[in-house]
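# Geometric and topological summary
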Amino acid sequence: MKTRRSYWTKRIKISLSDSLILSQFFRVQRGRAVDFSIVLMARIDKRWRYIKRCDSTKKHGNVPHCHIYKLNGKFHIENIGKKSDNLGVLARAIIDDINDNYETILENFRYSN
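## Digging into helix α1 (residues 87-110)
Under the 1.5 Å per step criterion, the end-to-end length of α1 is only 30 Å for 24 residues, more than 12% shorter than the ideal 34 Å. Looking only at α1, the buried set comprises L87, L90, A91, I94, I95, I98, Y102, I105, L106 and F109. Next to the buried residues of α1 lie β1 (10-17), β2 (20-29), β3 (32-44), β4 (47-55) and β5 (65-69). For α1, the N-terminal capping position is held by N86, with its side-chain oxygen 3.0 Å away from the main-chain nitrogen of G88.

## Some remarks on the sheet that holds β2
Strand pairing in a sheet relies on backbone hydrogen bonds, with the paired strands running either antiparallel or parallel. Pairing in this open sheet of six strands is antiparallel, and the strands run β1-β2-β3-β4-β5-β6 from one edge to the other. Pairing within the sheet leaves two strands with one partner each, and these edge strands are β1 and β6 (75-79). Strand-to-strand, the axes of this sheet are offset by a mean angle of 20°, without reference to chain direction. Pairing analysis gives eight bridges linking β3 to β4, with the strands arranged antiparallel. Paired with I44 across the strands is R47, a residue of β4. Across the sheet, α1 lies against β1, β2, β3, β4 and β5, angled at about 15° from β3, the strand it touches most.

## Observations regarding the pattern of salt bridges
For side chains of opposite charge, pairing can occur when their charged atoms come near one another. Tallied over the entire structure, the rule returns three salt bridges. A salt bridge links K52 to D97; its shortest N-O distance comes to 3.8 Å. Placement of K52 in strand β4 and of D97 in helix α1 is noted, with a sequence separation of 45 residues between them. Residues R92 and D96 are paired through a salt bridge, measuring 2.9 Å at the closest nitrogen-oxygen approach. Here D96 and R92 lie together in helix α1, a separation of four residues that amounts to about one turn.

Criteria and thresholds
- Residues numbered from 1 in each chain as written.
- Predicted model: local features only at pLDDT ≥ 70, side-chain atom pairs only at ≥ 80, totals over all residues.
- Heavy atoms only, no water.
- Helix = DSSP H or I, 4+ residues; strand = E, 2+ residues; numbered from the N terminus.
- Expected span 1.5 Å × (residues − 1).
- Buried < 20%, exposed > 50% of the residue type's maximum accessible area, 1.4 Å probe, protein only.
- Contact = heavy atoms within 4.5 Å.
- Polar contact = N/O pair within 3.5 Å; in protein donor to acceptor, adjacent residues only side chain to side chain.
- Pairing = 2+ DSSP bridges.
- Axes fitted to C-alpha atoms, helices over the stretch in contact; angles between N-to-C directions.
- Salt bridge = Lys/Arg side-chain N within 4 Å of Asp/Glu carboxyl O.

Structure below.
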């Protein structure tokens, strides 16, 4: 039986606190990010919940976007770039934004409907 290769070539998981994790997934070809997924998850009421997920995957036409989750499980999508943008630079900006503002992002999630 053939083993299936993972789509993601680089994975990074950072614990921001005991109940907050920032996961980063990259598909790198020739030293450049060609796809990414950045996921902020929080442990709320003994359950891990998606708070924010930003990616450039095929499902939405490879347009970089973020899924902003609400407490009720629903989400809305915000486009954050164009197909032609440098995905490595864009991913770095998203990671920096989450690192700088995760308290506010989490607070917005807790008070969302």
